[in-house]
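Given next are the chains, with one letter for each unit.
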Number of protein chains: 12
Amino acid sequence: MKFIIINGPNLNMLEDREKDQYGNFSLWDIENILKKEFPKVSVTFYQSNLEGDLVTKIHEANKVYDGLIINPGGYAHTSVAIHDALALCKIPKVEVHLSNISRREDFRQKTLTAKQCNGYISGLKEISYLSGVYSLIKVIENY
Amino acid sequence: MKFIIINGPNLNMLEDREKDQYGNFSLWDIENILKKEFPKVSVTFYQSNLEGDLVTKIHEANKVYDGLIINPGGYAHTSVAIHDALALCKIPKVEVHLSNISRREDFRQKTLTAKQCNGYISGLKEISYLSGVYSLIKVIENY
Amino acid sequence: MKFIIINGPNLNMLEDREKDQYGNFSLWDIENILKKEFPKVSVTFYQSNLEGDLVTKIHEANKVYDGLIINPGGYAHTSVAIHDALALCKIPKVEVHLSNISRREDFRQKTLTAKQCNGYISGLKEISYLSGVYSLIKVIENY
Amino acid sequence: MKFIIINGPNLNMLEDREKDQYGNFSLWDIENILKKEFPKVSVTFYQSNLEGDLVTKIHEANKVYDGLIINPGGYAHTSVAIHDALALCKIPKVEVHLSNISRREDFRQKTLTAKQCNGYISGLKEISYLSGVYSLIKVIENY
Amino acid sequence: MKFIIINGPNLNMLEDREKDQYGNFSLWDIENILKKEFPKVSVTFYQSNLEGDLVTKIHEANKVYDGLIINPGGYAHTSVAIHDALALCKIPKVEVHLSNISRREDFRQKTLTAKQCNGYISGLKEISYLSGVYSLIKVIENY
Amino acid sequence: MKFIIINGPNLNMLEDREKDQYGNFSLWDIENILKKEFPKVSVTFYQSNLEGDLVTKIHEANKVYDGLIINPGGYAHTSVAIHDALALCKIPKVEVHLSNISRREDFRQKTLTAKQCNGYISGLKEISYLSGVYSLIKVIENY
Amino acid sequence: MKFIIINGPNLNMLEDREKDQYGNFSLWDIENILKKEFPKVSVTFYQSNLEGDLVTKIHEANKVYDGLIINPGGYAHTSVAIHDALALCKIPKVEVHLSNISRREDFRQKTLTAKQCNGYISGLKEISYLSGVYSLIKVIENY
Amino acid sequence: MKFIIINGPNLNMLEDREKDQYGNFSLWDIENILKKEFPKVSVTFYQSNLEGDLVTKIHEANKVYDGLIINPGGYAHTSVAIHDALALCKIPKVEVHLSNISRREDFRQKTLTAKQCNGYISGLKEISYLSGVYSLIKVIENY
Amino acid sequence: MKFIIINGPNLNMLEDREKDQYGNFSLWDIENILKKEFPKVSVTFYQSNLEGDLVTKIHEANKVYDGLIINPGGYAHTSVAIHDALALCKIPKVEVHLSNISRREDFRQKTLTAKQCNGYISGLKEISYLSGVYSLIKVIENY
Amino acid sequence: MKFIIINGPNLNMLEDREKDQYGNFSLWDIENILKKEFPKVSVTFYQSNLEGDLVTKIHEANKVYDGLIINPGGYAHTSVAIHDALALCKIPKVEVHLSNISRREDFRQKTLTAKQCNGYISGLKEISYLSGVYSLIKVIENY
Amino acid sequence: MKFIIINGPNLNMLEDREKDQYGNFSLWDIENILKKEFPKVSVTFYQSNLEGDLVTKIHEANKVYDGLIINPGGYAHTSVAIHDALALCKIPKVEVHLSNISRREDFRQKTLTAKQCNGYISGLKEISYLSGVYSLIKVIENY
Amino acid sequence: MKFIIINGPNLNMLEDREKDQYGNFSLWDIENILKKEFPKVSVTFYQSNLEGDLVTKIHEANKVYDGLIINPGGYAHTSVAIHDALALCKIPKVEVHLSNISRREDFRQKTLTAKQCNGYISGLKEISYLSGVYSLIKVIENY
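Rules used in this analysis
- Residues numbered from 1 in each chain as written.
- Chains lettered and ligands numbered in written order.
- Predicted model: local features only at pLDDT ≥ 70, side-chain atom pairs only at ≥ 80, totals over all residues.
- Heavy atoms only, no water.
- Buried < 20%, exposed > 50% of the residue type's maximum accessible area, 1.4 Å probe, protein only.
- Helix = DSSP H or I, 4+ residues; strand = E, 2+ residues; numbered from the N terminus.
- Arc of directions from axis to C-beta.
- Contact = heavy atoms within 4.5 Å.
- Salt bridge = Lys/Arg side-chain N within 4 Å of Asp/Glu carboxyl O.
- 1 Å grid on protein atoms, 1.4 Å probe; cavity = no way out; pocket = protein on both sides within 12 Å on 5 of 7 lines; lining within 4 Å.
- Points joined across faces, edges and corners; volume = space filled by probe spheres on them.
- Nonpolar A, V, L, I, M, F, W, Y, C, P; charged D, E, K, R; others polar.
- Buried area = accessible area lost by both parts, 1.4 Å probe.
- Polar contact = N/O pair within 3.5 Å; in protein donor to acceptor, adjacent residues only side chain to side chain.
- Least-squares fit on C-alpha atoms with pLDDT ≥ 70 in both.
- Pairing = 2+ DSSP bridges.
- Axes fitted to C-alpha atoms, helices over the stretch in contact; angles between N-to-C directions.
- Expected span 1.5 Å × (residues − 1).
- Right-handed = clockwise from strand over helix to strand, strands pointing away.

### Section: helix α2 (residues 27-37) of chain C
Residue and element names in this part refer to chain C. Taken together, the buried positions of α2 are Leu-27, Ile-30, Glu-31 and Leu-34. End-on, the buried residues of α2 take up no more than an arc of 105°, which puts them together on one face. Residues of α2 that are buried make contact with β1 (2-7), β2 (42-47) and α5 (126-142).

Given below as structure tokens:
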């Protein structure tokens, strides 16, 4: 099983963000944790601060991977472009958020992009990623 | 590890609900799936259609279980009482929804009760429960 | 033909409510009026102040009655749980309100629960119930 | 007993509208159904696409009929003029809608004109008219 | 003078709630403080987590007590059912809140149920109850 | 114990306002009632129609009184200036309203200034003042 | 000086409307009062219940009259068509309302059509018309 | 007949304001125009920039004048205090605005204070004052 | 090919409207421009200021023309009746606006009626009509 | 005549999007259709998923092309940056949308960027592009 | 160069306000800092808690000073009167706020009064004043 | 002292924008003015039309500069990504806007990104930049 894990803006600096919201790990730590937890799954990490690059990467994922995990970061709340790219992409998709968006600022409480995923997971810090991969495996095995 | 899995209104009739939103299983099927997937975890299922009974059960859970999973059903969107009960309960908590609330009716798009959980998982049908238990185990092991 | 007539909170005290809004009769008077007007229909009255009990009763009605009339009282405006229970219940359903909700307080002007009924009737006091039974008979005869 | 049944815009084309919302009958079919169901009531049907003509007809009804049924069609949601005409008209009045306005587009969910009727009935297709006449008879007999 | 003091959801767990909002006492401590402060008044405490039970208790209070104090907890902000029950109950009524709802979360800043009480008191922790009883005595003596 | 009781616009004309909202007494009557009820407390009444004078008086109160009661009248709903003055003033503070603001016009239903008081009391007419003084004594004795 | 006085829906029935809002006179009484008060001004009264007829009459007025008074009735609050017709009409224009729209229902508190008049007068019952003619004379004499 | 004409903030500088909105005259010019137009009426002009002083002046007017005209300036849109003072004042009252508030900034389109006047006049520049006095005379003569 | 071009209120006066919004031509000029540009298409122009007449004309168009162009003028923003008439009419339909509604007043920025057309064109002045006919030909040729 | 046709996010994948909304063609098909339909016009297609690249391309277009057509895709609804770039660009501009945005999701119903174009065309699928080029030619020939 | 620096409510008590929002200095400290930093500029400080006095002072400033700095305090968010006074005052004007209003309570996030200043500066504590004077000098020198 | 001055979309074209909003200078003119005014400060100008590039540049600034000035252009009003990047960056930060955003279109009146800066300056055209640098120096010297 090959998964792509697409990460949006500021996640390349994860280790410098508020620890009570985002946890204690860098994005690369999370990559390693995932690889240890799911040794049989091939995970490819991608990160970009550019909304349009995330759109393009989602387009490309459709042809290459079995499943897609996306943490759109701040674009989750406003990006019609990513929403539409996800609608185009027919593989199983799960959105993840490190922080619990239901209890953050008003502008972060709704996710537009999750509308076009199978489901989404929010608030479990690095475990959101673990749970995302776990769920994706289950979704695919069910297919 | 002992978990309680609290289920709100209409989940006792799950097998009769819209399959494209809620999946193909009854609540009791889900209980069995969980037990097979996590044989070492003791899971206790509770279901009530009464908001106040869910409040009381959350109060009681605090003293007896290692973790709590709640699917508040339709009360997720309006219940200050369940929100406040969850705030009182200090064990790890994960909210789960079978359907993807971000793409349903307006009155279902926000969850009030998830503000008082560690995190929440939405849209993966019965896999939301699997992923909830998986996550709770990880949260607790990290403690 | 067997109908269940489910009544929500405060309708057990109907005779004590504002007469210009709710009319001059108790719920039991209405039961008698219905029985006299529709002698061939068996009507069963149920009343509860508990949202969850109304949910449960709707679940049970599905298997036993030919049609359902509901006056959800104050729960009409906010209860996702009753809305979802009605969605589960496949027999013909009509919602009735004694008062004309379109000219009352803002918080009473929309009914959430009526979305899941065939139709609804508001403002005709005890005649709303008569008209509800009359309509349900017509709906069923058409089937 | 003499009733006037006033019908707003597009109801002259009823047989061409969406059948799942409006049912299978033309306005003239409904007229015939009513006459058969209520042979002792004289019903006069009036239809106009013009808001102002509906206002004028309501003015005239006051002097000639025992009761008024109105289906204001699309004007129900915005017409202060019809609202005010109904306020002027002192005979018993019932508003009817073929479709269940509580589950249609946002702009159709509130009725302004029903505020000035005794009550309203929505969603029962042609049975809304039957139930409207039935209710009006009961209202008048009570007087 | 006989007063009933009706308490809503989570107040049975008061001693476990946030102390800066709700103060240092359990509901039973408050009962004792009231009895000491007002030895001539008979106070009956009732607590339930169930909205419908609070409705029923308000119905019953009308016939038995000289005054009613209610802390509807989280139901204050949404419950049309309790609002309507209070409207039915003709004895003097005062609503009390331990925390100052004007400076809490948006969903707690308005009280729907207080519309049907003589007045309401908010933010003085256990003193809200003392002040509620004190006020009720004054209201009744004025009668 | 020395309390200042600050009264906002139109309270100098209290005896001419709507009696069903504001009761039967003038502000000076209320002063006398308070003095009789609480003979050991020194109460100083201040009234001004000027928002800025109320701000200044709150500043001065900080240094001279043990507690402050404010009825900001119409300024309660909009005055950031009084809100900020109360934030500056560190003695115990209770806001009082003669009428029950939760059931008046929309523009009167929220109080901005009460956010910076310990608590507030609304709707008990002159008893709101009595209850305000009673509460303030209790708050101070607890300190 | 020749003025046209255009009257919208329901004003042909003025004598039957709520007297506390609309005063004691019929539209024809008002015409007579105006003629007696302003004997040197030629006033032409026009009334229609049809929005489109009011639009057409405004078009025609441009070429024939020195000034225009309009009481758009219920169309004042929603009619873009009348708003645009008034924008086309270059003679002095005053809008009048018999009732004080600032204290009526929400849907009547804003006037869209007055944006395209020199000014508007509201709440003085038949005196609104007198004051409208008086003002128009003054506006024209200033020109 | 003795009228008081109360003017709010910035009207002492009227001659310096935008001429297309407020016309070409100072407040004192308007006073002279009124005196020439209505030689038999005694008009007293009062102006203050202080909200509270306007409140006080309205209180005093009740006892001394036959009618009151108020241009509350910028306070019209927000002042609950002036609204309440006008409610206290039982003589005939007309609110006037020089500019047409229905076509200005959003924050100026509603007037709160006019709710407590007999009526209001907006947009006719200095003629709003003339028309205000003219109307007040008519209102009083009717009494 | 036979097209009907239905024009709403104030378009009979087009030559008198604001030229920067609506261009330099009368409706009859536009008719001539269309005929010259599309000599093979038979275009029938219809204009009415009456909402209900536009509804009726749309009904009639269904049976007689190959395509329909509508400029509903001010009714575009509020008319449920025209919206519903267009839904009934099964020939290809294009809505046109002379001015760019996306940059005009708030009340003009949304079009309700265009929801029931194939598409709409806004802001190109008389070219909106040319482009409408051009598009309709292309739509039909594709069929 | 030289036109640039700027296309926003996801339009490079047009052939994979929902056919009932976007039609049956790829962006490159549309390019060919345009070239065949308008052989005398030189059209240059540009597509990017990056908001900032669209901004830059609009800047460059100003100096090189006679007209600009833009389909901003999902950026139409939120991008102040593209809005401002279009304001800077002084050649004729037309915005096009393949789908009818007036009947899609709420977040797609308003276009911010069209405010800075001459006009816009929505809902005609590939014909929106044809109609855009057709319109632009007409606009330019008029100049 | 002569500047007036007008300060609104509660700024006379600046040293007692929240230091993390407002900094460590009293208003008089700020006056001294300014004088030391800009020895060639004559700065006059004015402070009042009265909205109307601030209006009057702005009127007077127009004739006497070269530039005006205003910190309207809590009046910035609601005062139409100060907004209109600033519109009257034709010298260069800069509004300053000690705290960063974009991250404070909702009711403080918009400034109404800054609309009528050249610009505004927020969040730099006492440096907002320094920067205000610095900017005003630059604005004037440019003139 | 080394400052980075980050400029968002369309600022590379500043000399072509509306002069009454943005002033008379290009971005490079502003760079020169700053260097002349603050010869001891090293200022580095960066401009990009790409939201994600601005995010990346803010990340990099943290390690290299003593202070940061940002003019996010149109991204100020919607970009959660830039908001979060600024939160990550721990050096002193000031946001500047050339135009006075408090008096521009609704969509420009709030700045999201300024929440994560020390403060912001708006409306002083090129002087906003001067004042930004001046303020930053003062902020740093205070440290």
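### Considering the pattern of salt bridges
According to the stated counting rule, one finds 84 salt bridges over all chains in the structure shown. D:Lys138 is paired through a salt bridge with C:Glu37; the nearest N and O atoms lie 2.9 Å apart. Here the residue D:Lys138 occupies a position in helix α5 (residues 126-142), and C:Glu37 occupies one in helix α2, the pair thus bridging two chains. The exposure class assigned to D:Lys138 is buried, which follows from its relative accessible area of 17%. The exposure class assigned to C:Glu37 is partly exposed, which follows from its relative accessible area of 30%. A salt bridge links F:Glu60 to F:Lys57; the nearest nitrogen and oxygen atoms lie 3.5 Å apart. Linking F:Glu60 with F:Lys57, this pair stays in helix α3 (residues 51-64), spanning three residues, or about one helical turn. Since its relative accessible area comes to 43%, F:Glu60 is described here as partly exposed.

### Some thoughts on the layout of surface pockets
In this model, the second largest pocket occupies a volume close to 1600 Å³. What lines the second largest pocket is a set of 49 residues, and nearest its centre among them are K:Glu105, K:Asp106, K:Phe107, K:Gln109 and L:Lys110. Taken together, the elements giving at least two residues each to the lining of the second largest pocket come down to α4 (80-88) of chain F together with α4 (80-88) of chain L. Taken together, the residues that form the lining of the second largest pocket break down as 13 nonpolar, 21 polar and 15 charged.

### What about the interface of chain J and chain L?
The interface is formed by 16 residues belonging to chain J together with 17 residues belonging to chain L. For the pair chain J and chain L, the summed buried area comes to about 1300 Å², and 62% of that belongs to carbon and sulfur atoms. Counting across the interface, chain J meets chain L through six residue pairs in polar contact (both at pLDDT 80 or more). For the side of chain J that touches chain L, the secondary-structure elements that each account for two or more residues are α3 (51-64) and α4 (80-88) of chain J. The residue inventory of the side of chain J that touches chain L, partitioned by class, reads seven nonpolar, five polar and four charged.

### Overview of the relation of the copies chain J and chain L
Both copies of the chain are placed relative to one another by a rotation about an axis and a shift along it. Rotating chain J by 120° and moving it 0.0 Å along the rotation axis overlays it on chain L with an RMSD of 0.0 Å. Interpreted geometrically, this transformation is the action of a three-fold axis. When the interface residues of chain J are mapped onto chain L, a mere 19% of them are again interface residues, pointing to distinct binding faces.

### Here we look at the sheet that holds strand β2 (residues 42-47) of chain F
Read from one edge of the open sheet, ten strands run β2(E)-β1(E)-β3(E)-β4(E)-β5(E)-β5(F)-β4(F)-β3(F)-β1(F)-β2(F), paired in mixed fashion. Pairing within the sheet leaves two strands with one partner each, and these edge strands are β2 (42-47) of chain E together with β2 of chain F. Each strand of the sheet is rotated relative to its neighbour by a mean of 20°, with strand direction disregarded. With three bridges connecting them, strand β5 (residues 119-122) of chain E and strand β5 (residues 119-122) of chain F associate as antiparallel partners. Paired with E:Tyr120 across the strands is F:Ser122, a residue of β5(F). Against the sheet, helix α3 (residues 51-64) of chain E makes contact with β1 (2-7), β2 and β3 (67-71) of chain E, and its axis sits at roughly 175° relative to β1(E), the strand it touches most. Sheet strands in contact with helix α5 (residues 126-142) of chain F are β5 of chain E together with β1 (2-7), β2, β3 (67-71), β4 (93-97) and β5 of chain F, and its direction is about 155° off that of β3(F).

### Topic: the side chain of C:Arg17
Mapped onto the elements of the fold, C:Arg17 is located in the loop between β1 and α1 (19-22). Looking at C:Arg17, its side chain comes within polar contact range of the side chain of C:Tyr22, at 3.0 Å. Apart from residues no more than four positions distant in its own chain, C:Arg17 is found in contact with C:Pro9, C:Asn10, C:Leu11, C:Tyr22, E:Asp84 and E:Leu88.

### Quick look at the arrangement of the chains
For chain B and chain G, which are not in contact, the least C-alpha distance works out to 25 Å. At the C-alpha level, the nearest point of chain G lies 19 Å from chain K, with no contact between them.

### As for the sheet that holds strand β5 (residues 119-122) of chain A
The sheet built from ten strands is open, its strands ordered β2(A)-β1(A)-β3(A)-β4(A)-β5(A)-β5(B)-β4(B)-β3(B)-β1(B)-β2(B) with mixed pairing. Strands with a single pairing partner mark the edges of an open sheet, and in this sheet they are β2 (42-47) of chain A together with β2 (42-47) of chain B. Taken over all neighbouring pairs, the strand axes of this sheet differ in orientation by 20° on average, direction set aside. Where strand β3 (residues 67-71) of chain A lies against strand β4 (residues 93-97) of chain A, three bridges are found, and the strand directions are parallel. When the bridges of β4(A) are listed, A:Ile70 appears paired with A:Glu95. Where helix α3 (residues 51-64) of chain B meets the sheet, its contacts fall on β1 (2-7), β2 and β3 (67-71) of chain B, and the angle it forms with β1(B) comes to roughly 175°. Along the sheet, helix α5 (residues 126-142) of chain B makes contact with β5 of chain A together with β1, β2, β3, β4 (93-97) and β5 (119-122) of chain B, crossing β3(B) at roughly 155°.

### Some thoughts on helix α3 (residues 51-64) of chain K
For α3(K), spanning 14 residues, the distance from its first C-alpha to its last is 21 Å, which sits close to the expected 20 Å at 1.5 Å a residue. Buried positions along α3(K) lie against α3 of chain F, α3 (51-64) of chain H together with β1 (2-7), β2 (42-47), β3 (67-71) and α4 (80-88) of chain K.

### Remarks on the environment of H:Lys19
Residues and elements named next belong to chain H. Within the fold, Lys-19 resides in helix α1 (residues 19-22). Measuring from C-alpha to C-alpha, the distance between Lys-19 and Lys-125 comes to 9.3 Å, with 106 residues separating the pair along the chain. Look past the residues within four positions of Lys-19 in its chain and what remains in contact with it is Asn-24 and Lys-125. Of the polar contacts made by the side chain of Lys-19, one reaches the backbone oxygen of Glu-15; its length is 3.0 Å.

### Observations regarding the pairing of β3(K)
Residues in a regular strand point their side chains to alternate faces of the sheet. Residues and elements named next belong to chain K. For β3, the tally of buried residues reaches five of five residues, placing the bulk of the element in the interior. The alternating pattern of β3 places Gly-67, Ile-69 and Asn-71 and Leu-68 and Ile-70 on opposite faces, both of which are buried. Sheet topology note: the β1/β3 ladder contains five bridges and is parallel. Counted as the bridge partner of Asn-7 is Asn-71 from β3. Between β3 and its parallel partner strand β4 (residues 93-97), the chain crosses via α4, and the hand of that crossover is right-handed.

### Here's the deal with the pairing of strand β5 (residues 119-122) of chain L
Residues and elements named next belong to chain L. Burial of β5 is two-sided: the residues Gly-119 and Ile-121 facing one way and the residues Tyr-120 and Ser-122 facing the other way are all buried. In this structure, strand β4 (residues 93-97) lies alongside β5, joined through four bridges in parallel fashion. Directly across from Glu-95, in β5, lies its bridge partner Tyr-120.

### Looking at the relation of the copies chain C and chain D
The transformation that overlays chain C on chain D combines an axial shift of 0.0 Å with a rotation of 180°, and the residual RMSD is 0.0 Å. These values place the two chain copies in the arrangement generated by a two-fold rotation axis. Within chain C, C:Ile121 has its C-alpha nearest the rotation axis, a separation of 2.2 Å. Here 100% of the interface residues in chain C have copies in chain D that are interface residues too; the copies meet face to matching face.

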